[in-house]
Amino acid sequence: MSPTAVPAPILAPEIADPRLYLDGIPHERFARIRAIPGLAWHPYGDNGFWAVTRHADVRAVSRNPTVFSSAIGHTNLWDLEADALEARRSLIDTDAPDHTRLRRMVAGAFTPKNIRRWEDAVREITVELLDIFVAQGGGDWVDMVAAPLPIRVILAMLGVPVADAGYLVELSNYLVEGTGDTQSLPPDAFGNTTELRLLPFNSPASHALFEYGDEMRSKRRAEPRDDLVTHLVEAEAEGGRISRHEYRHLFHLLVFAGNETTRTAISHGAMALAANPDQWQRVLDDPELVEPATEEIIRWATPVLHMRRTAATDCELAGTPIAAGEKLVMWYGSANRDEAVFANPLRFDVGRRTSEHFAFGGGGPHLCLGAFLARLEVSVLLQEMAARRLFLEQLGEPVRVASNFVHGVLSVDMAPGGAS
Amino acid sequence: MSGDLVAVAVEEERCIGGGQCEMLEPEVFLLDDDEAISSVIGSGVLPRPRAEVVVHRCPGAAISIVEHPEASGTDG
Ligand code: HEM
């Protein structure tokens, strides 16, 4: 509940309704919230949350994990019952020391140096997808390029056969539905018998993904390989450095996070390049702009819209007193359009020299594990598009996901245009 | 004196292997291949403003500037 000893907080305009996001991020509402002194309170369900919308405040929350906990409650704004919370907990919903232990289990594979080793593999997949896209005269960019690129890369890292990429993209699409209001799957889809509220995203597709991860686990136990699943399975076997539950959830998180987010960046990136051919021309004229253009695309896309923290103690942020147990929700799309940090924040500008966007989180210990991988994928794609002098022409409106959590695009038709 | 060279140090227990240091200053920081824990390599010194950026960006707040490198034996 909001504190009683102080004046009633200012209420934020509605930003949690998933349907709002069918028209894109409601930037104008967020700008209004950023201008409110202190933090604004947003009613939600039986209770509500503090809307953290300014860049500086998102940073302050992210970097103070002892006060702003990921493990009390979880990291989405909706509430979970205690048993569901435990059943659904993954790396992202932990605090130190569990977080540090789990993160170190996988961090080695995602360092800048180790991610660079995947560059050739990323390029090979990118070239194949772009060649098909151009040869066929375009089509649905999500289906042809944005979805297959990241999923094929993360599956290669995990050691999952390419033949199963389509199935895992399908599961991932169903998971995303679970963040909105509609579920198209019946509760017993994929042979699920678990109560939906105990599954990540309330989705029977989570059951299918857990099953798939378990199958991989058995295979790698029998026959180890040089891949991430083998690495995790060995950590489980070696005196339980990681539990069975933790393995299942890490596998689930890596597939989902490695797939859905970068796909969103590539989808919004294509739309931004199509809408701003002058910006794309700048990249063609100056290959040094690939790096800042990559950051700008990721800022522009902000594929993950929010993460939540829960106050572990009474505290204060931006002059607003916060009571222990209250929720704070960080809105990355807002921080990434904060006029205090970004000049002309609503402009797509490939020459920005700041990489301090918060699309990968506000700079605390949960900072995106896959950030260097995502950057590699987007930058290789830009390089290969530039090598072909490929301009994109957007045909019609995108189909967006109704979700306040992922800024997803289900489909958007694109045609290859010629060099200008 | 913003061009001063300063020494930096990593507090291992706080490091989560986020890789910001290696991205920003690959000649000063290296993450190990297994648990991605950062350590200082080479001379371990860099200009103060750049050191401040790394400190600012470290997600685990694990990096600090060693104010008196002589005392800790690093040749600044
Ligand atoms: C453009 C693409 C991506 C975006 C925008 C993105 C965004 C994010 C955000 C906002 C967080 C939470 C940060 C926080 O709470 O401070 C996060 C965490 C995470 N991301 Fe990403 N992500 C992307 C790509 C990836 C990829 C490719 C992977 C592949 C493995 C990945 C894996 C993870 C994991 C495992 C976490 C949890 C880290 C932890 O709790 O310590 N992400 N990501």
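Presented here is a report on the structure given in the accompanying data block. (Residues numbered from 1 in each chain as written. Chains lettered and ligands numbered in written order. Predicted model: local features only at pLDDT ≥ 70, side-chain atom pairs only at ≥ 80, totals over all residues. Heavy atoms only, no water.)

Here we look at the overall build of chain B
Item 1. Each helix and strand in chain B was counted, giving two helices and five strands.
Item 2. Along its sequence from the N terminus, chain B presents helices and strands in the succession β-α-β-β-β-α-β.
Item 3. Counting all 76 residues of chain B, 41% fall into the buried class.
Item 4. Counted over contacts in chain B with a minimum sequence separation of 6, partners at least 24 positions apart contribute 61%.
Item 5. As presented, chain B carries roughly 3,900 Å² of accessible surface, and 52% of it is formed by carbon and sulfur atoms. (Helix = DSSP H or I, 4+ residues; strand = E, 2+ residues; numbered from the N terminus. Buried < 20%, exposed > 50% of the residue type's maximum accessible area, 1.4 Å probe, protein only. Contact = heavy atoms within 4.5 Å. Areas by Shrake-Rupley, 256 points an atom, 1.4 Å probe, with all protein chains shown as cover.)

Some remarks on the coordination of the iron atom of the ligand
Item 1. In this structure the iron atom of the ligand is ligated by exactly one protein donor, Cys368(A) (SG), at 2.3 Å.
Item 2. Note that Cys368(A) resides in the loop between helix H15 (332-335) and helix H16 (371-387). (Donors = N, O, S within 2.8 Å, 3.2 Å for Na, K, Ca; no water.)

Remarks on the pairing of strand S1 (residues 5-10) of chain B
Residues and elements named next belong to chain B.
Item 1. Inspection of the sheet shows S1 paired to strand S4 (residues 45-47) by three bridges, in the antiparallel sense. What sits directly across from Ala-7, in S4, is Val-45.
Item 2. Sheet topology places S1 next to strand S5 (residues 63-66); four bridges connect them, and they run antiparallel. In the strand pairing of S5, Val-10 is matched with Ile-63. (Pairing = 2+ DSSP bridges.)

Here's the deal with the pairing of strand S10 (residues 409-417) of chain A
Residues and elements named next belong to chain A.
Item 1. In this structure, strand S4 (residues 139-140) lies alongside S10, joined through two bridges in antiparallel fashion. Each bridged residue has a counterpart across the sheet, and for Gly-139 the counterpart in S10 is Met-414.
Item 2. Two elements, strand S9 (residues 391-400) and S10, share seven bridges in a ladder whose sense is antiparallel. What sits directly across from Leu-395, in S10, is Asp-413.

Side note on the packing of helix H6 (residues 119-135) of chain A against H16(A)
Residues and elements named next belong to chain A.
Item 1. Two numbers describe how H6 lies on H16: the axes approach to 9 Å, and their chain directions differ by 50°. Overall, the two elements H6 and H16 adopt an arrangement that is oblique. For the pair H6 and H16, the sense of crossing is right-handed. From H6, Glu-119, Val-122, Arg-123, Thr-126, Val-127 and Leu-130 reach across to H16, where they touch Leu-376, Glu-377, Val-380, Leu-381, Gln-383, Glu-384 and Met-385.
Item 2. The residue inventory of the contact of H6 with H16, partitioned by class, reads seven nonpolar, two polar and four charged. (Axes fitted to C-alpha atoms, helices over the stretch in contact; angles between N-to-C directions. Parallel < 35°, antiparallel > 145°, perpendicular 65-115°, else oblique. Left-handed = near helix turned anticlockwise from the far one by under 90°. Nonpolar A, V, L, I, M, F, W, Y, C, P; charged D, E, K, R; others polar.)

Section: the interface of chain B and chain A
In many analyses, interface size is given as the accessible surface area lost on bringing the parts together.
Item 1. Listed per partner, the contact involves 23 residues of chain B and 23 residues of chain A.
Item 2. Regarding the contact of chain B and chain A, the summed buried area is about 1,900 Å², with carbon and sulfur atoms giving 47% of it.
Item 3. For the pair chain B and chain A, the interface holds one salt bridge.
Item 4. A salt bridge links Asp33(B) to Lys113(A), with the nearest nitrogen and oxygen atoms 3.2 Å apart.
Item 5. Inspection of the chain B/chain A interface yields eight residue pairs in polar contact (both at pLDDT 80 or more).
Item 6. Within the side of chain B that touches chain A, the residues separate by chemical class into eleven nonpolar, five polar and seven charged. (Buried area = accessible area lost by both parts, 1.4 Å probe. Salt bridge = Lys/Arg side-chain N within 4 Å of Asp/Glu carboxyl O. Polar contact = N/O pair within 3.5 Å; in protein donor to acceptor, adjacent residues only side chain to side chain.)

Details of the site of the ligand
Residue and element names in this part refer to chain A.
Item 1. Taken together, the neighbourhood of the ligand is formed by 28 residues, with His-99, Arg-103, Arg-309, His-366 and Cys-368 sitting nearest.
Item 2. Within the contact set of the ligand, an oxygen atom lies 2.8 Å away from a side-chain nitrogen or oxygen of Arg-103.
Item 3. Between the ligand and Arg-309, the relevant distance is 2.9 Å, taken from an oxygen atom to a side-chain nitrogen or oxygen of the residue.
Item 4. Secondary-structure elements contributing two or more residues to the shell around the ligand are helix H4 (98-107), helix H12 (244-275) and strand S5 (306-311).
Item 5. Broken down by element, the residue count for the shell around the ligand peaks at seven residues, all from H12. (Near = heavy atom within 4 Å.)

Describing the sheet that holds S1(B)
Residues and elements named next belong to chain B.
Item 1. What the three strands build is an open sheet, ordered S4-S1-S5; its pairing is antiparallel. Of all the strands in the sheet, just S4 and S5 have a single pairing partner and so form its edges. Neighbouring strand axes in the sheet, compared pairwise and without regard to direction, differ in orientation by 45° on average.

Describing the sheet that holds strand S1 (residues 40-44) of chain A
Item 1. Judged by pairing direction, the sheet is mixed, and its five strands sit side by side in the order S1-S2-S8-S5-S3 (chain A) without closing on themselves. Looking at the sheet topology across the chains shown, the edges are occupied by S1 and strand S3 (68-69) of chain A.

Quick look at the packing of helix H8 (residues 148-158) of chain A against H16(A)
All names here are of chain A.
Item 1. Contact geometry for H8 and H16: axes closest at 11 Å, N-to-C directions at 135°. Our classification of the angle between H8 and H16 gives oblique. The two elements H8 and H16 cross, and the hand of that crossing is right-handed. Judged by residue contacts, Leu-149, Pro-150, Val-153, Ile-154 and Met-157 of H8 engage Leu-373, Glu-377 and Leu-381 from H16.
Item 2. Residue composition of the contact of H8 with H16, by class: seven nonpolar, no polar and one charged.

Regarding the nonpolar core
Item 1. Judged by nonpolar contacts, the single largest core of 138 residues is most densely connected at Trp141(A), Leu158(A), Phe251(A) and Leu328(A).
Item 2. Per-element tally for this core: the top contributor is H12(A), with 13 residues. (Core = buried A, V, L, I, M, F, W, Y, C linked by side-chain atoms within 4.5 Å.)

A few points about the environment of Val162(A)
Residue and element names in this part refer to chain A.
Item 1. In this fold, Val-162 is placed in the loop between H8 and helix H9 (165-177).
Item 2. We classify Val-162 as exposed; its relative accessible area is 56%.
Item 3. C-alpha of Val-162 to C-alpha of Arg-152: the two residues are ten residues apart in sequence and 6.5 Å apart in space.

Description of the pattern of salt bridges
Residues and elements named next belong to chain A.
Item 1. Within the structure shown, the criterion is met by 30 salt bridges over all chains.
Item 2. Taking the shortest distance from any N to any O, the salt bridge between Asp-214 and Arg-248 comes out at 2.4 Å. With a gap of 34 residues between them, Asp-214 in helix H10 (residues 204-222) and Arg-248 in helix H12 connect regions that are remote in the sequence.
Item 3. Residue class for Asp-214 comes out buried when judged on its relative accessible area of 12%.
Item 4. A salt bridge links Arg-241 to Glu-238, with the nearest nitrogen and oxygen atoms 2.7 Å apart.
Item 5. Relative accessible area serves as the criterion here: at 30%, Arg-241 is assigned to the partly exposed category.

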